[in-house]
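# Breakdown of the fold
Here is what each chain is made of, one letter per residue.
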Amino acid sequence: ETMPSEEAVQLMLDKDFLALPVVDFEGRLIGVVQHAEALQAGQEAAFEDLQTIVGAGADERALSPVKVVVKSRLPWLLVNLATAFLAASVIGVFEGLIAKVAALAVLLPVVAGQGGNTGSQSLAVVMRGLALREIIPGTQKRVVAKEVLGGVINGVAIAIVTAIAVFGWSVTSGATTTSCLGLAMVIGFSMIISMAAAALSGAVIPLILRALGRDPAQSAAIFLTTVTDVVGFASFLGFAAVFMPMIS
């Protein structure tokens, strides 16, 4: 009776048991867990994790009172607001650069958005691996390396497509060839850095939270958003500063 419910559910799924006996410390039968009950418990746990990842309370339901909604969501919204100001401060450092080249402001969300999506993909896979106990001691480095390599490869592919699209868009807007090429290089290089960092963050953050004894589902998404935004903005505007002689 000391086995966590998640382990009991996974055991029944792995072994295809129709029922699982429950015994006390002296080996006496005190109950039976039916397959349907285990499946329902597993579904409820999955939905609770899903709600927690996006900042909603694990116990919140569709018809929960408004006070429950505010109490469970507001603290995480405030944390998210603080991290958003952190990301905005990065943009503030390059305010003069953006004022000179308006196209940077237009393309900035593209890099951050791709980084966010990449990180969310890695986070979802690692969270699933932790929940199903696919990630055990000794496999973490392999998981992280796989996610980073995938992020780099995907980043290169997306960077090429994005650079071509930005070059074409810049040409049609009447910019010089040198300026178009410089802008394409800026977004291409920053896309690779951003997506690689996002994949790394999506894999590492839940592992770190688990190692610290915290529930990865409760705050991993907020930390991930902060990292992807900061790295995305910094890499894009940093490369823009380097290639400023070409794009200005």
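Residues numbered from 1 in each chain as written. Predicted model: local features only at pLDDT ≥ 70, side-chain atom pairs only at ≥ 80, totals over all residues. Heavy atoms only, no water.

## Some words on the environment of Phe243
Looking at where Phe243 falls in the secondary structure, it is placed in the loop between helix H8 (216-242) and helix H9 (244-247). Relative accessible area serves as the criterion here: at 14%, Phe243 is assigned to the buried category. Spatially, the C-alpha atoms of Phe243 and Ser179 are 9.3 Å apart, while their sequence positions differ by 64 residues. Here Phe243 is in contact with Met185, Val186 and Phe189, once residues within four sequence places are set aside. (Helix = DSSP H or I, 4+ residues; strand = E, 2+ residues; numbered from the N terminus. Buried < 20%, exposed > 50% of the residue type's maximum accessible area, 1.4 Å probe, protein only. Contact = heavy atoms within 4.5 Å.)

## Some thoughts on helix H6 (residues 140-172)
Counted at 1.5 Å a residue, the expected span for H6 with its 33 residues is 48 Å, and the 47 Å between its end C-alpha atoms agrees. Buried residues of H6: Val143, Val144, Glu147, Gly151, Gly155, Ala159, Thr162, Ala163, Val166 and Ser170, and no others. Close packing links the buried residues of H6 with helix H5 (102-131) and helix H7 (177-211). Looking one or two residues past H6, Gly174 carries a phi angle of roughly 95°, positive in sign. (Expected span 1.5 Å × (residues − 1).)

## Here we look at the side chain of Thr226
Following the sequence through the fold, Thr226 ends up in helix H8. At 3.4 Å, the side chain of Thr226 forms a polar contact with the side chain of Thr83. Apart from residues no more than four positions distant in its own chain, Thr226 is found in contact with Thr83 and Leu86. (Polar contact = N/O pair within 3.5 Å; in protein donor to acceptor, adjacent residues only side chain to side chain.)

## Things to note about the packing of aromatic side chains
A full pass over the atoms with the stated rule returns 2 aromatic pairs. Between Phe189 and Phe239, the aromatic rings sit 5.7 Å apart at their centres with planes inclined by 40°, giving tilted as the arrangement. Taken together, the positions of Phe189 in helix H7 and Phe239 in helix H8 put the pair 50 residues apart, joining distant regions of the chain. Phe189 sits in the partly exposed class, given a relative accessible area of 38%. For the ring pair Phe189 and Phe243, a centre distance of 6.1 Å and an interplane angle of 25° mean the geometry is stacked. In this pair, Phe189 is assigned in helix H7 and Phe243 in the loop between H8 and H9, connecting sequence segments 54 residues apart. Chaining the aromatic ring pairs together yields one cluster made of Phe189, Phe239 and Phe243. (Phe/Tyr/Trp six-rings, centres within 6.5 Å; stacked < 30°, edge-to-face > 60°.)

## Points about the nonpolar core
Core analysis: the biggest nonpolar cluster contains 25 residues, and Leu104, Leu183, Ile187, Phe236 and Ile247 have the highest contact counts within it. Every element with two or more residues in this core is listed here: helix H3 (66-93), helix H4 (95-100), H5, H6, H7, H8 and H9. Sequence-distant contacts of Ile247, that is, excluding residues within four places in its chain, are made with Val101, Leu104, Ser179, Gly182, Leu183 and Ala240. (Core = buried A, V, L, I, M, F, W, Y, C linked by side-chain atoms within 4.5 Å.)

## With respect to H3
For H3, built from 28 residues, the straight-helix expectation of 40 Å at 1.5 Å per residue is met to within 8% by its first-to-last C-alpha distance of 40 Å. At Arg73, H3 is deflected by roughly 35°, the largest bend along its length, and proline Pro75 occurs up to four residues later in sequence. Within H3, the full set of buried residues consists of Ser72, Thr83, Ala87 and Val90. (Bend = angle between axes of the 7 residues up to and from the residue.)

## A closer look at the confidence of the model for the chain
When pLDDT is averaged along the chain, the result is 82; 74% of the residues meet or exceed 70. Across the chain, the element-wise mean pLDDT spans from 55 in helix H2 (residues 35-53) up to 95 in H6. (pLDDT = per-residue confidence, 0-100.)

## Examining the packing of H5 against H7
Interaxial distance between H5 and H7 falls to 8 Å at its minimum, and their mutual angle equals 30°. Comparing their axes, H7 and H5 come out roughly parallel. Our pair here, H5 against H7, has a crossing hand that is right-handed. Residue composition of the contact of H5 with H7, grouped by class: 18 nonpolar, 8 polar and 1 charged. (Axes fitted to C-alpha atoms, helices over the stretch in contact; angles between N-to-C directions. Parallel < 35°, antiparallel > 145°, perpendicular 65-115°, else oblique. Left-handed = near helix turned anticlockwise from the far one by under 90°. Nonpolar A, V, L, I, M, F, W, Y, C, P; charged D, E, K, R; others polar.)

## Side note on the packing of H5 against H6
At their nearest, the axes of H5 and H6 sit 11 Å apart, and the two run at 155° to each other. Comparing the axis directions of H5 and H6 gives the class roughly antiparallel. Crossing of H5 over H6 shows right-handed handedness. Contact residues: Ala103, Val106, Leu107, Gln114, Ser122, Val125 and Val126 in H5; Val143, Lys146, Glu147, Ile158, Val166 and Trp169 in H6. Its residues placed into classes, the contact of H5 with H6 shows 9 nonpolar, 2 polar and 2 charged.

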